[in-house]
Amino acid sequence: MNISFYVLSESKAQDSLGFTCQLTQTALNKGTQSLLILTEDETMLDVLDDALWADEATSFIPHQRLVTDDIMTDQTASAGAPVFLGAYLPANFNGIIINLTSRPITDFMTITNNATPTRVLELIKPDTASMQAGRDNYKHYQQLGYELTHFKV
């Protein structure tokens, strides 16, 4: 699994919602895999839902919110929207994850059946708590032998 860390500048952090939408669109443009935006914050799920619907008409991002106990199948992923919003990792998910939580994605994988994400995108804001969580996650992933990349944006 490839893990990419995006360390946001102050200006990008102030518009982290816009950056998340932009990153989502970029990931969709580069591949055919489903994408999950993962956050445990219900308010953030509402804000993301609104932002993805309200994005520019030319770059609308089709998406759907996950309902508890959704199970991903090839049929579900191809029939539904390419982007999912959720507070958990659904069973059988095998796409890209934008991780907006402070926890490493492996925490979610241990409680989910057959989830095998291909890529994880971690956003790190320039505040103390986010930077420390990013460092901890980086070390955790490094110990597991994942391929790690780092970008300053």
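We now turn to the structure provided with this report. Just so it is clear, the structure is predicted and the values come from calculations on it, not from any experiment.

### Overview of the environment of Arg-65
Then, in step 1: With respect to the helices and strands, the residue Arg-65 is situated in strand E3 (residues 63-65).
Then, in step 2: For Arg-65, a relative accessible area of 27% corresponds to the partly exposed category.
Then, in step 3: In contact with Arg-65, other than residues within four places in its own chain, are Glu-42, Leu-45, Asp-46, Asp-49 and Leu-85.
Then, in step 4: A distance of 3.2 Å separates a polar atom in the side chain of Arg-65 from a polar atom in the side chain of Glu-42.
Then, in step 5: In this structure the side chain of Arg-65 is engaged in a polar contact, spanning 2.5 Å, whose partner is the side chain of Asp-46.

### Observations concerning the sheet that holds strand E6 (residues 119-124)
Then, in step 1: An order of E3-E4-E2-E5-E6-E1-E7 is seen for the seven strands of this open sheet, with the pairing classed as parallel. At either margin of the open sheet sits one strand with a lone partner, and together these are E3 and strand E7 (147-152). The sheet shows a mean angle of 20 degrees between the axes of neighbouring strands, direction not considered.
Then, in step 2: When strand E1 (residues 2-7) meets E6, the two strands line up parallel, connected through six bridges. Counted as the bridge partner of Phe-5 is Glu-122 from E6.
Then, in step 3: The strands touched by helix H3 (residues 42-54) within the sheet are strand E2 (35-38), E3 and strand E4 (83-86), with E3 carrying the most contacts at an inclination of about 155 degrees.

### Examining the side chain of Ser-130
Then, in step 1: If you trace the backbone, Ser-130 turns up in helix H6 (residues 128-143).
Then, in step 2: Not counting chain neighbours up to four residues away, the residues in contact with Ser-130 comprise Leu-123, Ile-124 and Lys-125.

### A look at the pattern of salt bridges
Think of it this way: side chains of opposite charge can pair up when their charged atoms draw near.
Then, in step 1: On inspection of all chains with the given rule, the structure shows four salt bridges.
Then, in step 2: Between Glu-40 and Arg-103 there is a salt bridge, with its nearest N and O atoms 2.5 Å apart. Here Arg-103 lies in the loop between strand E5 (96-99) and helix H5 (105-109) and Glu-40 lies in the loop between E2 and H3, a separation of 63 residues in the sequence.
Then, in step 3: Accessibility expressed as a relative area gives 28% for Arg-103, which makes it partly exposed.
Then, in step 4: The partner of Arg-65 in a salt bridge is Glu-42, with the nearest N and O atoms 3.2 Å apart. Placement of Arg-65 in strand E3 and of Glu-42 in helix H3 is noted, with a sequence separation of 23 residues between them.
Then, in step 5: Through salt bridges with shared partners, one network takes in Glu-40, Arg-103 and Asp-107.

### Details of unusual backbone geometry
Then, in step 1: Even without being glycine, Asn-92 reaches a positive phi, approximately 70 degrees.
Then, in step 2: As for its placement among the helices and strands, Asn-92 is situated in the loop between E4 and E5.
Then, in step 3: Its identity as a non-glycine residue notwithstanding, Asn-114 has a phi of 60 degrees, on the positive side.
Then, in step 4: Structurally, Asn-114 is set in the loop between H5 and E6.

### A closer look at the packing of aromatic side chains
Then, in step 1: Taken as a whole and assessed by the stated rule, the structure comprises five aromatic pairs.
Then, in step 2: Considering the side-chain rings of Phe-5 and Tyr-138, the 5.2 Å spacing of their centres and the 50 degrees angle between planes classify their relative orientation as tilted. Of this pair, Phe-5 sits in strand E1 while Tyr-138 sits in helix H6; the two residues are 133 residues apart in sequence, bridging distant segments of the chain.
Then, in step 3: For Tyr-138, a relative accessible area of 30% puts it in the partly exposed group.

Conventions adopted
Residues numbered from 1 in each chain as written. Predicted model: local features only at pLDDT ≥ 70, side-chain atom pairs only at ≥ 80, totals over all residues. Heavy atoms only, no water. Helix = DSSP H or I, 4+ residues; strand = E, 2+ residues; numbered from the N terminus. Buried < 20%, exposed > 50% of the residue type's maximum accessible area, 1.4 Å probe, protein only. Contact = heavy atoms within 4.5 Å. Polar contact = N/O pair within 3.5 Å; in protein donor to acceptor, adjacent residues only side chain to side chain. Pairing = 2+ DSSP bridges. Axes fitted to C-alpha atoms, helices over the stretch in contact; angles between N-to-C directions. Salt bridge = Lys/Arg side-chain N within 4 Å of Asp/Glu carboxyl O. Phe/Tyr/Trp six-rings, centres within 6.5 Å; stacked < 30°, edge-to-face > 60°.

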